[in-house]
Amino acid sequence: AQSVTQLGSHVSVSEGALVLLRCNYSSSVPPYLFWYVQYPNQGLQLLLKYTSAATLVKGINGFEAEFKKSETSFHLTKPSAHMSDAAEYFCAVSPLFGNEKLTFGTGTRLTIIP
Amino acid sequence: GAGVSQTPSNKVTEKGKYVELRCDPISGHTALYWYRQSLGQGPEFLIYFQGTGAADDSGLPNDRFFAVRPEGSVSTLKIQRTERGDSAVYLCASSLGERGVQETQYFGPGTRLLVL
């Protein structure tokens, strides 16, 4: 079964600093990978997705992620953190074939320090 | 346009009661998903509909949980004999439903269920 592991349940960065949220996947075949963001009391919003077209994926709000097959990783980055980035971030995976149900990681809560 | 909507936004019930949670997908979306998010966890898949039929219900935890989508649009998640462990946020998502294409799933705000 496919799964994702998010390292660090809580990450704190200073405003203006680099944001790095880690995600590693477990799959025998490179799957589809996603990053979702969840603001308090709101639904999940897609930040970006990897569907094998390009290894560096750019998303909304200045976020990007790089698919590295050799490391089975799909880490999320943003060069300069903004206060509005404070939220919960989820990495998710779905298989290449079959239905598109998502398997989520346990999430990383990002706190921005003024 | 309108996104995925879910009602009620909050539901408090007593152990042993029956509850229904409703999901209105984005118009024209044929695929609909239910997920459950427990406190401090990521969402967990429950069931997936393609049109009116349940294409994958492997995530339903037991036979107290049931979901329907009779006309291929609105879906209702039904929970019988609720238990305190059912307390969670129930999320609904929809997508266009094109076969063989990895689509974006659009999520609703969720229904927060509390079983006392």
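Above this text is the structure in question.
Below is a summary of the structure that appears in this document. (Residues numbered from 1 in each chain as written. Chains lettered and ligands numbered in written order. Predicted model: local features only at pLDDT ≥ 70, side-chain atom pairs only at ≥ 80, totals over all residues. Heavy atoms only, no water.)

1. Structural notes on the overall build of chain A
1) Next: When you go through chain A residue by residue, the secondary structure sums to 0 helices and 11 strands.
2) Next: Reading the helices (α) and strands (β) of chain A from amino to carboxyl end gives β-β-β-β-β-β-β-β-β-β-β.
3) Next: For chain A, the C-alpha radius of gyration of 13 Å lies close to 13 Å, the compact-globule estimate for 114 residues.
4) Next: C-alpha atoms of chain A, sized along the principal axes, occupy 45 × 30 × 20 Å.
5) Next: With 114 residues in all, chain A has 45% of them scored as buried.
6) Next: In chain A, 56% of the contacts between residues at least 6 apart in sequence involve partners at least 24 apart.
7) Next: With an accessible surface of roughly 5,400 Å², chain A has 53% of that area assigned to carbon and sulfur atoms.
8) Next: Seen as two clouds, the 8 positive and the 7 negative side-chain charges of chain A have centres 5 Å apart. (Helix = DSSP H or I, 4+ residues; strand = E, 2+ residues; numbered from the N terminus. Rg over C-alpha atoms; globule rule 2.2 N^0.38 Å. Buried < 20%, exposed > 50% of the residue type's maximum accessible area, 1.4 Å probe, protein only. Contact = heavy atoms within 4.5 Å. Areas by Shrake-Rupley, 256 points an atom, 1.4 Å probe, with all protein chains shown as cover. Lys, Arg positive; Asp, Glu negative; His and termini not counted. Charge placed at Lys NZ, Arg CZ, Asp CG, Glu CD.)

2. Observations regarding the sheet that holds strand S3 (residues 19-26) of chain A
All names here are of chain A.
1) Next: One open sheet accounts for 5 strands, arranged S1-S3-S8-S7-S6; its pairing is antiparallel. Either end of the sheet is taken by a strand with one partner, and the two such strands are strand S1 (3-7) and strand S6 (56-58). Recorded for the sheet is a direction-independent mean angle of 20° between the axes of neighbouring strands.
2) Next: Note that S3 and strand S8 (residues 73-78) share 4 bridges and pair antiparallel. Paired with leucine 20 across the strands is threonine 77, a residue of S8. (Pairing = 2+ DSSP bridges. Axes fitted to C-alpha atoms, helices over the stretch in contact; angles between N-to-C directions.)

3. Considering unusual backbone geometry
1) Next: Cis geometry is found at the peptide bond from B:Thr7 to B:Pro8, where omega equals -10°.
2) Next: Even without being glycine, A:Asn61 reaches a positive phi, approximately 60°.
3) Next: Structurally, A:Asn61 is set in the loop between S6 and strand S7 (64-68).
4) Next: Its identity is not glycine, yet A:Thr72 carries a phi of approximately 45°, on the positive side.
5) Next: Residue position: A:Thr72 is located in the loop between S7 and S8.
6) Next: Residue classification places A:Thr72 among the partly exposed residues on the basis of a relative accessible area of 29%.

4. Describing the pairing of S3(A)
All names here are of chain A.
1) Next: Residues Val19, Leu21, Cys23 and Tyr25 of S3 are buried on one face, while the alternating residues Leu20, Arg22, Asn24 and Ser26, pointing to the opposite face, are not.
2) Next: As paired strands, S1 and S3 are joined by 5 bridges and run antiparallel to one another. Bridge pairing links valine 4 to tyrosine 25 in S3.

5. Observations concerning the nonpolar core
1) Next: Membership of the largest hydrophobic core comes to 27 residues, with the highest contact counts inside it found for A:Trp35, A:Leu48, A:Phe74, A:Leu76 and A:Tyr89.
2) Next: Only strand S2 (10-14), S3, strand S4 (32-38), strand S5 (44-50), S7, S8, strand S9 (87-94) and strand S11 (108-113) of chain A provide two or more residues apiece to this core.
3) Next: Setting aside chain neighbours within four positions, we find A:Leu76 in contact with A:Val19, A:Leu20, A:Leu21, A:Trp35, A:Leu47, A:Leu48, A:Phe63, A:Glu64, A:Ala65 and A:Tyr89.
4) Next: If you look at the next biggest cluster of nonpolar residues, it comprises 20 residues, including B:Leu46, B:Ile79, B:Cys92 and B:Leu113. (Core = buried A, V, L, I, M, F, W, Y, C linked by side-chain atoms within 4.5 Å.)

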